[in-house]
Amino acid sequence: MSDLLHLEVSPLGEYSISRSISKEFLEAFVAQNPGAVIVSRDLAKDPIPHLDGETLMAGRTAEADRSASAQAKHEYRLGLAQEVNEAKHILISTPMWNFTVPSVLKAWVDQIIITGFTKVKGKVTLIISQGGSYAPGAPRAGWDWETGYLKQVFESLGATDVTIILSEFGLAGIVPALADFIDRKNESIAAAKVTARVRASA
Ligand SMILES: Cc1cc2nc3c(=O)[nH]c(=O)nc-3n(C[C@H](O)[C@H](O)[C@H](O)COP(=O)(O)O)c2cc1C
């Protein structure tokens, strides 16, 4: 069992907004749960391989008939899914890329969803940083294929307690067209950090 399965996605390190918010979560979580067992995966540093044919066929082949390579890939996949099954709380911190999840996170999702095997029993917290805003009334309202998608992924695995902590306008101050939204960006990040601390302490 782990108290927390923690995934990071952004490759931006110290410049990452999503990582700066999950840092607040982690600090509060450790303060609330001293000695917590935390399993961390940094998908930017150690990407999860995409599902390939050998992995898929291994799941359809008796163990005795699998090659050593197929067996290794099968066990790796089961291990990733087992981390999900055994987590009391799953924390994912990710940017939005091109209206959805970065492909490294999608690769992880494809690996861990094994029908009949993967079951989320604990809480799920999704920290998502967007460059703009997709809120009702925004010019691109309805273009967000990330938050609903990730929520659905975890609900499909049995999760009943999914919280999304969103920060908006991450590109303000970087993209000239969003220059007017710098205050909204800072407010959004500050609010997300507070929410992350509250969620971690719940
Ligand atoms: C490759 C790439 C694609 C992006 N696509 C979008 C997008 O579709 N919508 C959006 O709102 N922001 C988009 N952004 C901006 C990021 O979501 C935003 O800067 C976010 O704050 C990054 O989080 P991070 O600092 O944790 O990496 C994109 C950024 C990159 C690098």
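Let us look at the structure shown here. Model, not experiment: these values are computed from the prediction.

### Examining the site of the ligand
- In the vicinity of the ligand, 18 residues are found, and the nearest of them are S10, S18, M96, S129 and Y134.
- Separating an oxygen atom of the ligand from a side-chain N or O atom of S18 is a distance of 2.5 Å.
- Contact between the ligand and S129: an oxygen atom at 2.6 Å from a side-chain N or O atom of the residue.
- Contact with the protein chains covers 79% of the free accessible surface of the ligand, which is 640 Å².
- Placement of the ligand is best described as lying within the largest pocket.
- Grouping the amino acids of the shell around the ligand by side-chain chemistry returns 9 nonpolar, 9 polar and no charged.

### Examining helix 5 (residues 147-156)
- Burial in helix 5 covers these residues: T147, L150, V153 and F154. End-on view of helix 5: buried residues confined to an arc of 130°, all on one side of the axis. Summarising the geometry of helix 5, the exposed residues directed more than 90 degrees from the buried face are Q152 and S156.
- On its buried side, helix 5 packs onto strand 3 (89-95), helix 4 (103-112), strand 4 (123-129) and strand 5 (162-167).
- Backbone geometry just downstream of helix 5 places G158 in the positive-phi region, at approximately 105°.

### Some points on the layout of surface pockets
- Of the volumes computed, that of the largest pocket is approximately 710 Å³.
- What lines the largest pocket is a set of 30 residues, and nearest its centre among them are Q130, G131, G132, G170 and L171.
- At the level of secondary structure, the elements contributing two or more residues to the lining of the largest pocket comprise helix 1 (17-32) and helix 6 (182-201).
- Its residues assigned to classes, the lining of the largest pocket comprises 17 nonpolar, 10 polar and 3 charged.

### Let's talk about the side chain of T163
- Within the secondary structure layout, T163 lies in strand 5.
- Separated by 3.3 Å, the side chains of T163 and R199 make a polar contact.
- The residues contacting T163, other than those within four sequence positions of it, are V124, T125, L126 and R199.

### Structural notes on the packing of aromatic side chains
- Taken as a whole and assessed by the stated rule, the structure comprises 5 aromatic pairs.
- Taking the centre distance of 5.8 Å and the plane angle of 15° together, the rings of F25 and F29 count as stacked. With F25 and F29 both in helix 1, this residue pair falls 4 residues apart, about one helical turn.
- Summarising the aromatic geometry, the rings of F99 and Y134 are spaced 6.4 Å apart at their centres and angled 90° between planes, so their arrangement reads as edge-to-face. Of the two residues, F99 is situated in the loop between strand 3 and helix 4 and Y134 in the loop between strand 4 and helix 5; the sequence distance between them amounts to 35 residues.
- Accessibility expressed as a relative area gives 16% for Y134, which makes it buried.
- Of the aromatic side chains, those joined through ring pairs into one cluster are F99, Y134 and W143.

### Considerations on the sheet that holds strand 5
- Taken in spatial order, the 5 strands line up as 2-1-3-4-5 in an open sheet, and their pairing is parallel. The open sheet has two edge strands, strand 2 (38-42) and strand 5, and neither has a second partner. Geometrically, the sheet is characterised by an average inter-axis angle of 10° between neighbouring strands, direction not taken into account.
- By the bridge criterion, 4 bridges tie strand 1 (residues 4-8) to strand 3 in an arrangement that is parallel.

### Looking at the packing of helix 1 against helix 6
- Closest axis-to-axis distance for the helix 1/helix 6 pair is 8 Å, and the angle between their directions is 25°. Between helix 1 and helix 6, the angle is such that the two are roughly parallel. For the pair helix 1 and helix 6, the sense of crossing is right-handed. Of the residues in helix 6, those in contact with I17, S20, I21, E24, F25, E27, A28, F29 and Q32 of helix 1 are K185, I189, A192, K193, A196, R197, R199, A200 and S201.
- Split into classes, the residues belonging to the contact of helix 1 with helix 6 amount to 9 nonpolar, 3 polar and 6 charged.

Each value, and the rule that gives it
- Residues numbered from 1 in each chain as written.
- Predicted model: local features only at pLDDT ≥ 70, side-chain atom pairs only at ≥ 80, totals over all residues.
- Heavy atoms only, no water.
- Near = heavy atom within 4 Å.
- Polar contact = N/O pair within 3.5 Å; in protein donor to acceptor, adjacent residues only side chain to side chain.
- Areas by Shrake-Rupley, 256 points an atom, 1.4 Å probe, with all protein chains shown as cover.
- 1 Å grid on protein atoms, 1.4 Å probe; cavity = no way out; pocket = protein on both sides within 12 Å on 5 of 7 lines; lining within 4 Å.
- Sits in = over half its atoms within 2 Å of the grid points.
- Nonpolar A, V, L, I, M, F, W, Y, C, P; charged D, E, K, R; others polar.
- Buried < 20%, exposed > 50% of the residue type's maximum accessible area, 1.4 Å probe, protein only.
- Helix = DSSP H or I, 4+ residues; strand = E, 2+ residues; numbered from the N terminus.
- Arc of directions from axis to C-beta.
- Contact = heavy atoms within 4.5 Å.
- Points joined across faces, edges and corners; volume = space filled by probe spheres on them.
- Phe/Tyr/Trp six-rings, centres within 6.5 Å; stacked < 30°, edge-to-face > 60°.
- Pairing = 2+ DSSP bridges.
- Axes fitted to C-alpha atoms, helices over the stretch in contact; angles between N-to-C directions.
- Parallel < 35°, antiparallel > 145°, perpendicular 65-115°, else oblique.
- Left-handed = near helix turned anticlockwise from the far one by under 90°.

Structural measurements only, silent on function.
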